Amino acid sequence: MAGIKWTLDDSDASQAARQASAVDLISDDDRSVAADSWSIKSDYGSTLDDDQRHADAAEALSFRAASDYNSDKEEPDSEPVSSMLGFQSFWDATYAHELANFRQHGHSGEVWFGADVMASVASWTKNICLETFQRQLVDNVSVVNCLPPGRSERDLSTWSVLDVGTGNGLLLQELAKLGFSDLTGSDYSEGAIELARSLADRDGFSYIKFLVDDVLDTKLDRKFQLVTDKGTLDAIGLHPDGPLKRAMYWDSISGLVAPGGLLVITVCNSTKDELIQEVESFNQRGTGGSENPIDQDGASHRPVLEYVDHIRTYPTFMFGGAVGSRVATVAFLRK
C-alpha cells in the first residue's frame, strides 16, 4: 500500500488483505455501474477515527464485491453500493493502488466524471472568472480578486485557486493550461497528495502546491479567490452521517472563499436546483432564518453565497416529465 503509513498487527493485516482484495474486484465495469447510479468517486467522506474508518470501509467493500447490484434493478440492494465511497479508508486504498500503478506503468489514474467534463469545468470556470471580474469593474466593486492596475483581465495568474478533494490533481493541471498559476490542491488522503505531486512534477506543473487537509476540519488559514470542488461534496453525502457532514461542508468551504471570490462545485448526486436550494438553506442558517436581517446599526446582511451561473452544455435526459443532467456544475459568489 504505497503512500499509506499503516502499522498492522495480524488481525489488521488480515482485514487489510480482505479490503485490498475487494478493491481489486471492483472492475472498470463496476465503476461504470457506480457512475450510472450517480455514485461517482470523489475525495472526502468520514471524519471517524481511523480504526472505525478501516472497519466500515472493509465491510462496505466486501459487500460490494459480493453483491449482484445492477443499476437497472427496480429495487436496489438493501445497502446502497455508494456507501463505500463515503469512507476515507476507501480513498486511501484506492489512491495507494493508483500510486502503485503510476510508479509501475506511468498511469495517471481515473478522471472522475470523465476527461470531457473536467475540460468543460476548467474552460467554463475560466470564463466565469473573467465575466465576474468584468461585472465587478462595471460595478466599481473593490474585491480581492480584482487584478492589479495595468494587468490584463485575461491574465489569471494572480488568482489564488484551491481545489478541495483534489485527488490526482488533474483539474488543477487543466486550470494551469488556461493561465492560472497560484494553484493549491488539498485532499485528506496522503496517497492522493503523493500521486498528485508526482503527476504534476512529471507533467511540468511542479509549481502547483499540494497539501493534506480535510475540508470538514480544515487547517488552512488562507482565503482563495477561486475554490473548486469536483465530486467532493458527493462523497461527503455518501457517508451514513451525510446530511450532517454536508452542513459542516458548507460552513467550512464558505470560509475558504475570499469575499468577492467564486466557488465552483461539480456534483452528480444533486441537480443544479437542489444545489442552489442547499446553498439557500445554508444562507438561512447563517442569517438566523431571515432573508434580509438587519443589525443594530440598520445594515442589511447579504447571503454568504449567491448563485451566479451553471454549465448549460452537459447532455440532458428526460425522466418523469423533468429534464435533467447526470452532472451539474454551479458557480456561487462569496458575498
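Structure shown above.
Residues numbered from 1 in each chain as written. Predicted model: local features only at pLDDT ≥ 70, side-chain atom pairs only at ≥ 80, totals over all residues. Heavy atoms only, no water.

## Observations regarding unusual backbone geometry
Operational definition: A run of DSSP states H or I qualifies as a helix once it reaches four residues; a run of E qualifies as a strand once it reaches two. Both are numbered from the N-terminal end. For every residue, the accessible area (1.4 Å probe, protein chains only) is compared with the maximum for its type, and the residue is labelled buried under 20%, exposed over 50%, or partly exposed between those bounds.
Although it is not a glycine, Phe113 sits at a positive phi angle of roughly 80°. Of note, Phe113 is situated in the loop between helix 4 (88-105) and helix 5 (115-138). Assessed through its relative accessible area of 13%, Phe113 is described here as buried.

## Thoughts on the sheet that holds strand 4 (residues 224-230)
Convention followed: When DSSP locates at least two bridges between a pair of strands, those strands are taken to pair. In this analysis an axis means a line fitted to C-alpha atoms, helices contributing only their contacting stretch, and an angle means the value between N-to-C directions, from 0 to 180 degrees. A contact between two residues is defined here by any heavy atoms of the two lying within 4.5 Å.
Spatially, 7 strands are ordered 3-2-1-4-5-9-6 in an open sheet, and the strand pairing comes out mixed. On the outer flanks of this sheet lie strand 3 (209-212) and strand 6 (305-310), each paired with one strand and no other. The sheet shows a mean angle of 20° between the axes of neighbouring strands, direction not considered. As paired elements, strand 1 (residues 160-164) and strand 4 share 4 bridges and run parallel to each other. Of the residues in strand 4, the one forming a bridge with Leu162 is Val227. Packing against the sheet, helix 6 (residues 170-177) makes contact with strand 1, strand 2 (182-187), strand 3 and strand 4, and its axis sits at approximately 170° to strand 2. The strands touched by helix 7 (residues 190-202) within the sheet are strand 2 and strand 3, with strand 3 carrying the most contacts at an inclination of about 170°.

## Regarding the packing of aromatic side chains
Inclusion rule: Pairing of aromatic rings covers Phe, Tyr and Trp, the last counted by its six-membered ring, and requires centre-to-centre distances within 6.5 Å; plane angles under 30 degrees mean stacked, over 60 mean edge-to-face, and any other angle means tilted.
In total, this model carries 5 aromatic pairs according to the counting rule given. Each ring, one from Phe90 and one from Trp91, has its centre 4.9 Å from the other, and the planes form 80°; the classification is edge-to-face. Trp91 gets classed as buried once you look at its relative accessible area, which sits at 0%. Ring geometry for Trp250 and Phe332: centres 6.5 Å apart, planes at 80°, overall edge-to-face. Residue Trp250 is found in helix 9 (residues 242-254), and its partner Phe332 is found in strand 9 (residues 328-334); the two are separated by 82 residues along the sequence. Classification of Trp250 by relative accessible area gives buried; the value is 1%. With relative accessibility at 0%, the residue Phe332 sits in the buried group.

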